[in-house]
Every structure is written in C-alpha cells, then in structure tokens.
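Chain and residue survey
The residues making up each chain are set out below.
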Amino acid sequence: MDKLAIDGGPRIRTKPFPAWPIYDELEERLILEVVRSGKWGGTGRVKLPELEEKFAAIHDAKHAVSITNGTVAITIALQAAGVQPGDEVIMPPYTFIATASSALLFGAIPVFVDVEPDTLLLDPEKVEAAITSKTKAIIAVHIAGSPANLTRLKAIANQHGLRLIEDSAQAVGARWNGVGVGAQGDLGTFSFQSSKNINAGEGGMILTNDRELADHAWSLANVGRIREGGWYQHETIGWNLRMTELQAAILLGQLSRLDGQMELRERNAKLLTELMDDIPGARTLPRDPQATRHALHLFMFRIDPELADRVNKNDVIRKLNAEGIPVSYGYVSLNQNKAVIKETKKWTGEERVYSCPNSERACDKEILWLHQNVLLASEADMHDIAAGVRKVLASFR
Ligand SMILES: *Cc1c(COP(=O)(O)O)cnc(C)c1O
C-alpha cells in the first residue's frame with residue numbers, strides 16, 4: 001500500500017480500523033448447537049422464535065416475523081399493509097435502492113419526496129403535497145440509524161388514511177421519543193445483511209404491534225399458510241421467505257453485544273462530532289432531540305456548502321483515503337437512478353421525474369460516510385480521523 005500522504009510526508013493514519021463482523025465463542029457455540037440438533041429449519045424451530053421474541057422486545061414491538069432479507073421484508077410489509085400493484089408509495093430518495101426496488105418488485109410505484117437538507121431524513125412538510133388518490137403508504141427510512149420524524153409522519157399518514165412503514169434496515173436499537181423504532185408505524189423492517197450493525201450474512205425482520213398485519217406478513221413469507229393450519233393448507237399465495245436456524249443462532253450471539261456496541265459508537269460519535277465541528281470546512285449533522293437513540297450505522301458528515309461548491313467530492317475522498325481515513329462516497333440520489341426510472345416506466349408507462357435538490361446535493365457534493373465499525377475504535381482513533389479531515393480540507397483552502 002502507498003505509504004505517502006497527500007503532501008508526500010507520512011500518512012496521518014496507517015493502523016487499520018476494527019474489522020467487521022465481531023464475534024467470539026458465543027456465536028460458535030450457538031451455531032454448533034443448531035448443527036448438532038439437526039433442526040436447521042422446517043417445523044419445530046427453536047432459535048428463530050427466541051430471536052423474534054428478543055428482537056421484538058428490544059424495539060418495544062408486540063410481533064416479529066423473521067424473513068430472508070431486508071429487501072423482501074419491505075416488499076412483504078407493503079403487501080401485508082394492503083399495497084397493490086399500481087399503488088403509489090412515498091419515500092425519500094436518500095436511501096439504499098432496496099427501499100424503491102422492494103416496491104417495484106410487485107409493481108408498486110415509488111414516489112420520491114425530498115429529504116430535509118440538514119438531517120437527510122424524509123421531510124414531513126413535503127409529504128402532503130405528494131399524496132394522490134393512488135397513494136397507499138409512506139416509507140420512512142431511518143437513514144444511518146437516525147430515526148425519521150415518526151410523530152409528524154404518523155400524524156400525516158393517519159390524517160390521509162395511509163400506512164406508515166419504517167425502513168429500519170440501518171436502525172437496529174434506535175429509539176424515537178424513548179420508544180424503539182420499527183413498530184411505531186404500521187410495520188417496520190430490518191436487515192441482517194453483512195454490513196449491518198447486527199449481522200448474519202443475510203437476513204431480515206418485520207415488526208408490528210398489529211396482530212392481523214403480523215399474521216398476514218407471516219402467511220406471505222410462509223407460502224400462504226396460516227399459523228395454526230396444516231402444512232399443505234395454503235390460504236393465499238405466499239412464498240418461502242424464511243431464515244434458517246443457523247442465521248438465528250448467529251443473530252442471538254450478535255444481539256448479546258448490541259448495547260455495548262451502541263454505547264461505544266455513541267461515545268465515539270459524540271467526540272467525533274465535537275472535533276469535526278471545530279474543523280474549518282467540515283460540518284456535522286444535527287440531531288432531533290426526539291431521536292433519543294441513534295443506531296449510528298453510519299457517521300455522516302458534510303463538506304460545508306461554500307467549500308463543496310469549489311471542490312470535487314471525489315478529490316476530497318481520494319485525499320482522505322490517502323491519509324488512511326476510510327470515508328466513502330455513499331448513495332446516488334434514487335430519483336436520478338436510471339434503473340429506478342426505467343422500472344417505474346415499465347409499470348406506469350410514464351417517465352417520472354422528481355426534483356429532490358437536497359438529496360441530490362448531499363449525494364453529489366457534500367456528504368461523506370464513515371461506517372459503523374470505525375466508531376468501534378478508540379478515542380485516540382477519533383482524534384486521528386479529525387486530524388486527517390482537518391489536513392485534507394485545509395489543502396483545498
Ligand atoms: C440494507 C438496506 C436494505 C436492504 O436490506 P438487505 O438485507 O440487504 O436486502 C433496505 N433499506 C436500507 C435503508 C438498507 O440500508
């Protein structure tokens with residue numbers, strides 16, 4: 001690896017940051033238990049019900065339905081909520097493509113409403129103007145692990161008879177007004193894909209406080225069966241979208257570290273925020289006091305607007321990486337994603353264009369990401385990151 005920094009001197013940072021995933025003998029023991037039990041799936045599952053119960057309790061939810069991954073979790077949540085092909089689903093464009101593709105999978109149509117410029121979360125004040133007679137649901141995305149304004153979004157959804165789905169893929173353990181995310185809307189979905197804060201390689205979960213929605217989601221993910229029905233009794237069309245006992249075993253191990261890791265990330269994020277706020281050209285994101293617990297899947301910060309207009313975001317990233325600071329570019333705004341536009345046209349026959357300047361500017365010019373594992377490093381490591389950002393941004397002035 002190149003050992004030279006941007007000025008040809010030593011790099012600010014040469015040590016690696018903590019690797020991901022983190023695991024120990026606990027995961028090994030739990031997996032071995034499953035292997036030796038011979039119960040890897042099918043009937044009489046043990047670890048999956050335990051996982052569902054724990055996961056629901058962590059998020060103050062009544063019901064949990066485990067599912068193959070976070071993408072189909074959204075699809076099934078939308079279908080359980082009654083969303084049909086052709087129905088419109090309001091969502092923010094600053095998110096992973098799965099928020100939109102999960103709807104497009106069955107012909108539900110994403111409608112993009114811009115994010116707030118400072119928080120990058122769906123702007124409740126802009127949602128109402130996007131509601132049409134075809135709108136059936138709103139997806140709030142808790143991006144980076146930061147809860148969206150569930151109070152406002154719930155009020156708007158209720159007022160217009162819409163379902164509220166929480167895409168909580170990045171927000172395991174997050175809280176809004178002291179209550180877990182996921183079941184504050186009608187349904188919430190989570191991902192256990194390998195980059196996520198709780199990781200089984202792949203996997204997903206749906207939470208809800210509504211027994212009927214839970215049963216419907218369960219049925220859709222279990223080939224149309226009903227919970228107390230026979231194995232070959234299929235009441236509706238559903239699919240096999242189940243996780244395995246092996247995944248549940250790993251997740252039970254991972255969950256045992258959730259609180260400790262969340263506290264460490266929170267501590268380091270607080271320090272990093274203080275350090276960054278002191279750096280000319282850098283800005284951190286504000287946090288709503290109602291977001292009582294941030295899951296910090298990402299630490300996002302921005303190049304301040306004046307500097308961002310003069311520099312190329314890729315040049316900043318290249319220099320930071322050269323200093324050993326592992327920032328990344330992040331998303332392309334989904335309203336500008338050609339595949340999403342094309343697939344939407346396939347279902348609607350129209351080329352739908354949405355203007356979302358806040359999301360576009362964040363993607364193209366301002367926002368930089370550090371991943372959650374970086375926040376599991378030491379206090380001294382946060383000082384290294386800040387020193388790297390200070391040096392690189394100063395080089396553009
Ligand atoms: C990861 C992610 C998903 C999709 O989850 P998978 O398990 O990868 O299918 C959906 N939405 C958001 C915001 C995500 O970050």
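A brief structural summary. On a predicted model such as this, the values are computed, not experimentally measured, just so you know. (Residues numbered from 1 in each chain as written. Predicted model: local features only at pLDDT ≥ 70, side-chain atom pairs only at ≥ 80, totals over all residues. Heavy atoms only, no water.)

Some words on the packing of aromatic side chains
When we look at a pair of aromatic rings, we describe it by the centre distance and by the angle of the planes. Following the criterion strictly, the structure yields six aromatic pairs and no others. With a centroid separation of 5.4 Å and 85° between ring planes, the pair formed by Phe-55 and Phe-192 is classed as edge-to-face. On the criterion of sequence distance, the pair formed by Phe-55 in helix α2 (residues 47-58) and Phe-192 in the loop between β8 (187-191) and β9 (204-208) is long-range, its members being 137 residues apart. Ring centres of Phe-112 and Tyr-354 lie 5.8 Å apart, and the angle between their planes is 85°; this geometry places the pair in the edge-to-face category. Placement of the pair is Phe-112 in strand β3 (residues 109-112) and Tyr-354 in the loop between α12 (338-348) and α13 (357-366), with a sequence separation of 242 residues. Side by side, Phe-112 and Tyr-354 carry an identical accessibility label, which is buried. Site record: aromatic cluster; members linked through ring pairs are Phe-55, Phe-190 and Phe-192. (Phe/Tyr/Trp six-rings, centres within 6.5 Å; stacked < 30°, edge-to-face > 60°. Helix = DSSP H or I, 4+ residues; strand = E, 2+ residues; numbered from the N terminus. Buried < 20%, exposed > 50% of the residue type's maximum accessible area, 1.4 Å probe, protein only.)

Concerning the layout of surface pockets
The calculated volume of the largest pocket comes to roughly 440 Å³. For the largest pocket, the lining is made up of 26 residues, of which Ser-146, Leu-285, Pro-286, Arg-287 and His-294 are closest to its centre. Elements supplying a minimum of two residues to the lining of the largest pocket: α9 (258-276) and β11 (298-303). Top element by residues in the lining of the largest pocket is α9. It accounts for four residues. Looking at the lining of the largest pocket residue by residue, the class counts come to 15 nonpolar, six polar and five charged. Counted as a void, the second largest pocket has a volume near 330 Å³. Looking at the second largest pocket, it is lined by 17 residues, and the ones nearest its centre are Gly-42, Arg-45, Trp-218, Asn-222 and Arg-227. Counting residues per element, the lining of the second largest pocket draws most heavily on α2, which supplies three residues. Of the residues in the lining of the second largest pocket, the class split is five nonpolar, seven polar and five charged. (1 Å grid on protein atoms, 1.4 Å probe; cavity = no way out; pocket = protein on both sides within 12 Å on 5 of 7 lines; lining within 4 Å. Points joined across faces, edges and corners; volume = space filled by probe spheres on them. Nonpolar A, V, L, I, M, F, W, Y, C, P; charged D, E, K, R; others polar.)

Remarks on the site of the ligand
Taken together, 15 residues sit near the ligand, with Gly-70, Thr-71, Asp-167, Ser-191 and Lys-196 positioned nearest. Here Gly-70 contributes a backbone N or O atom positioned 2.7 Å from an oxygen atom of the ligand. For the ligand, a nitrogen atom lies 2.8 Å from a polar atom in the side chain of Asp-167. Protein burial of the ligand: of its 380 Å² of free accessible surface, 92% is covered by the chains. Mapped by element, the contributors of at least two residues to the shell around the ligand are α3 (70-80) and α4 (98-104). Taken together, the residues of the shell around the ligand break down into four nonpolar, nine polar and two charged. (Near = heavy atom within 4 Å. Polar contact = N/O pair within 3.5 Å; in protein donor to acceptor, adjacent residues only side chain to side chain. Areas by Shrake-Rupley, 256 points an atom, 1.4 Å probe, with all protein chains shown as cover.)

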